Amino acid sequence: MTSALTIAGIRFSDDVPAMRRYLEAIGLATTTTRGEDWAVLRAGAGQVWLHSAASSDIGAPPGSTGFSGQIDDVEALAAAAVAAGFPASVVDEAFGRSVEITDPLGARVTVHDHSDDYGYQQHDARPDPGITVSLCRFTDPQGAYAGFAEALGLRREGEPNAFYVPYSAGAGILGLHHDDGSARLAPTPEAEVTLGLTATTPLEQVQQRLRDAGFAPGEIVTEEHGAHLPTTDPDGVELIVHAA
């Protein structure tokens with residue numbers, strides 16, 4: 001493949017405008033909207049796509065997040081996935097082309113090309129460069145999903161281990177996290193992930209931004225392996241901002 005995958009979390013929400021304001025308060029910036037049922041937000045690395053749960057054609061429940069992304073060449077990505085043993089097919093749609101890939105857990109991962117912007121409103125986006133979208137897929141970090149991430153063109157960051165391994169191509173993070181059964185994710189045909197963020201921006205600054213925007217700022221938690229800021233988003237789902 002000649003292009004890198006931009007990682008995106010597609011959040012199905014009961015209140016897209018509120019989720020947009022919340023993510024903007026943290027430091028993401030809106031690039032594209034369509035009414036109040038669709039918004040694309042860009043972080044310093046990675047993206048979040050907000051989709052009205054009510055208009056979802058896959059029946060995704062509110063508060064659920066699917067693993068998705070964007071790439072220049074969907075044909076090359078499909079070929080790479082098939083060569084690695086993962087079923088994939090290219091789909092032509094009115095708003096652009098995409099590739100649907102079946103992951104090792106049997107779920108669908110949809111990666112889009114750069115869509116036709118007709119009918120969408122464009123915005124001047126200036127995200128905080130210190131904020132990175134960080135998705136988490138609960139599965140064995142040393143199992144088949146590691147090969148799947150590599151087939152998508154993502155590179156492992158750090159040493160392999162049995163608990164948590166991040167993968168990235170420089171535009172967002174896909175973390176593979178040991179599944180101990182404690183994660184309660186809403187079922188969806190898309191590959192379920194948790195939506196999180198990683199920040200080089202001081203967590204105290206993120207807290208203040210949330211407070212200034214009228215959102216609960218959360219409390220910073222400092223542990224042996226680092227600091228993080230648990231918050232509750234407008235969908236009532238916990239979103240954690242980890243200090244990089």
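Here is a short report on the structure shown in this document. (Residues numbered from 1 in each chain as written. Predicted model: local features only at pLDDT ≥ 70, side-chain atom pairs only at ≥ 80, totals over all residues. Heavy atoms only, no water.)

## A word on the pattern of salt bridges
Filter applied, for reference: Put simply, a salt bridge is a Lys or Arg side-chain nitrogen that is within 4 Å of an Asp or Glu carboxyl oxygen. The way it works is that DSSP assigns letters per residue, a run of H or I at least four long becomes a helix, a run of E at least two long becomes a strand, and they are numbered from the N terminus. For every residue, the accessible area obtained with a 1.4 Å probe (protein chains only) is divided by the maximum for its type, and the residue is called buried under 20%, exposed over 50%, and partly exposed between those limits.
On inspection of all chains with the given rule, the structure shows 10 salt bridges. Residue Arg11 pairs with Asp233 through a salt bridge whose shortest N-O separation is 2.9 Å. Of this pair, Arg11 sits in strand E1 (residues 6-13) while Asp233 sits in the loop between strand E16 (226-232) and strand E17 (238-243), and the two are 222 residues apart along the sequence. Both residues of the pair, Arg11 and Asp233, belong to the buried class. Its salt-bridge partner being Glu75, residue Arg97 comes within 2.8 Å of it at the nearest N-O pair. Here Arg97 is found in strand E7 (residues 96-102), whereas its partner Glu75 is found in helix H2 (residues 74-83), with 22 residues between them in sequence. With relative accessibility at 27%, the residue Arg97 sits in the partly exposed group. Residues joined by salt bridges that share partners form a network here, namely Arg11, Asp233 and Asp235.

## Let's talk about the sheet that holds strand E8 (residues 108-112)
Cut-off, in case you're wondering: Being paired, for any two strands, means DSSP has found at least two bridges between them. Contacts: residue pairs with any heavy atoms within 4.5 Å of one another. The axes used here are C-alpha line fits, helices contributing only the stretch in contact, and every angle between their N-to-C directions lies in the interval 0 to 180 degrees.
Strands sit in the order E6-E7-E8-E5-E1-E4-E3-E2-E9 across an open sheet of 9 strands; the sheet is mixed. Two strands in the sheet have a free side with no partner beyond their single neighbour: strand E6 (88-93) and strand E9 (121-122). Along the sheet, helix H1 (residues 16-26) makes contact with E1, strand E2 (29-34), strand E3 (38-42) and strand E4 (47-52), crossing E4 at roughly 160°.

## A closer look at the pairing of E7
Looking at chain direction, E6 and E7 are connected through 6 bridges and run antiparallel. Across the sheet, Asp92 pairs through a bridge with Arg97, a residue of E7. In sequence, E7 turns back onto E8 through a hairpin of 5 residues, with Gly106 there showing a positive phi of about 85°.

## Let's talk about the environment of Ile26
As for its position among the elements, Ile26 is in helix H1. Judged by its relative accessible area of 0%, Ile26 is buried. Note: C-alpha distance between Ile26 and Leu197 (171 residues apart in sequence) is 9.4 Å.

## With respect to H2
Operational definition: Of all possible arcs, the one meant is that of the directions from the helix axis to the C-beta atoms. Two N or O atoms form a polar contact when they lie within 3.5 Å of each other; inside protein one atom must be a possible hydrogen donor and the other a possible acceptor, and for residues adjacent in sequence the pair counts only when both atoms belong to side chains.
Taken together, the buried positions of H2 are Val74, Leu77, Ala78 and Ala81. Seen end-on, H2 carries its buried residues on one side only, within an arc spanning 100°. Elements in contact with the buried residues of H2: E6, E7, E8 and helix H3 (144-151). Two to three positions downstream of the cap, the backbone nitrogen of Glu75 sits 3.2 Å from a side-chain oxygen, assigning the N-cap of H2 to Asp73. Of the residues trailing H2, Gly85 is marked for its positive phi of about 100°.

## Focus: the nonpolar core
Let me state the cut-off plainly: In this text, buried Ala, Val, Leu, Ile, Met, Phe, Trp, Tyr and Cys residues form a nonpolar core when linked through side-chain atoms within 4.5 Å.
The biggest cluster of nonpolar side chains holds 53 residues, and the ones touching the most others in it are Leu23, Phe67 and Leu154. Here this core gets 6 residues from one element, more than from any other, and that element is H1. Judged by nonpolar contacts, the second largest core, of 8 residues, contains Phe12, Trp38, Val40 and Ala60.

## Description of the packing of aromatic side chains
Selection criterion: Put simply, two rings from Phe, Tyr or Trp (the six-membered ring, in Trp's case) pair if the centres are within 6.5 Å, and we call them stacked under 30 degrees between planes, edge-to-face over 60, tilted for the rest.
Tallying each qualifying case throughout the model produces 4 aromatic pairs. A centroid spacing of 5.0 Å and a plane angle of 80° characterise the contact between Phe86 and Phe148, whose relative ring orientation is edge-to-face. With Phe86 in the loop between H2 and E6 and Phe148 in helix H3, this residue pair connects regions lying 62 residues apart in the sequence. Here Tyr145 and Phe148 contribute two aromatic rings whose centre-to-centre distance is 5.1 Å and whose plane-to-plane angle is 70°, an arrangement assigned as edge-to-face. Taken together, the residues span about one helical turn, with Tyr145 and Phe148 both in helix H3 at a distance of 3 residues. Looking at Phe148, the relative accessible area reads 0%, which means it is buried. In textbook terms, an aromatic cluster arises when at least three aromatic residues are bridged by ring pairs, as seen for Phe86, Tyr145 and Phe148.

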